[in-house]
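Architecture and fold: a report
Each chain, written out:
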Amino acid sequence: MLALHSCEPVSSGGQILEEPFDDNKLGWIEENTGSHYLDIANGYYRMLSRDSSARRSSSGSLTGSYLVNLPKEYSIESSIKLIESKDEKGHFGIILLGASIEYTISIYSSGWILFTEYDYNLDSIYTMNSKYIEPNDNSISDIKLDIDLSSYELEINNVKVGEGEFKMEPRYWRDLRFYTSTESAIAIDYLKIKK
């Protein structure tokens, strides 16, 4: 179906979280339904979105303690491989949820990267950054989001996508979720949060 490191939050050496998906101590959702398939196997968190009527499938962990009381400066890093996509409109990435604001890093199979902000109070979406990056042959996207108080800088595959300001100081996230668009599949290699 999908082709194709124990984990606990660690604070020594600047690591807040090192999740290599060798097991499921953080309680990442695993299920097999008509809408999607989610599992951890062979060091990957794998996600397949099956429901053609849905916009996307997303999932997070049941343990969110690593998202609480973050330092003023930190980085979020992950590596995601696109396994399958119906067309060039297929996309995947990371969703960061605040109390009333959602930030989404979207990587399109065509090469476009979008970083968007959705404000639930205003019911509005704003594109903070966009950039075209030539897709690599192995379909792997290395994501790095550096945060300093309310400022950020986003890189994909060591290419700067953009920088800017959050509406809030992101030291507490309500959730961090991976997602993939309808009829596409991804394999997440790791998730790291570093001081």
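Structural notes, computed from the coordinates. Nothing here was measured: the structure is a model prediction, and the numbers come from that model. (Residues numbered from 1 in each chain as written. Predicted model: local features only at pLDDT ≥ 70, side-chain atom pairs only at ≥ 80, totals over all residues. Heavy atoms only, no water.)

1. Focus on unusual backbone geometry
The test is simple: Each helix is a run of H or I in the DSSP string that is no shorter than four residues. Each strand is a run of E no shorter than two, and both are numbered from the N terminus. Partly exposed residues are those whose accessible area sits between 20% and 50% of the maximum for their type, while under 20% is buried and over 50% is exposed, using a 1.4 Å probe and protein chains only.
The backbone of Ser-139 shows a phi angle near 60°, a positive value even though the residue is not glycine. When you line up the elements, Ser-139 lands in the loop between strand S10 (124-132) and strand S11 (140-148). The exposure class of Ser-139 is partly exposed, given its relative accessible area of 29%. In this model, Asn-158 sits at a positive phi of 65°, which is unusual for a non-glycine residue. Mapping Asn-158 onto the fold places it in the loop between strand S12 (151-156) and strand S13 (159-165).

2. Considering the pairing of strand S9 (residues 112-119)
We count it as follows: In short, DSSP must find at least two bridges between two strands for them to pair.
Here strand S8 (residues 101-108) runs beside S9; their pairing, made up of 7 bridges, is antiparallel. By the bridge assignment, Thr-104 is partnered in S9 with Thr-116. With antiparallel pairing between neighbouring strands as the criterion, S8 and S9 make up a hairpin whose turn holds 3 residues, including Gly-111 at a positive phi of roughly 115°. Bridge count for S9 against S10 is 8 bridges, and the pairing is antiparallel. By the bridge assignment for S10, Asp-119 is matched with Ser-124. Counted between consecutive antiparallel strands, the loop separating S9 from S10 contains 4 residues, among which Asp-123 sits at a positive phi close to 50°.

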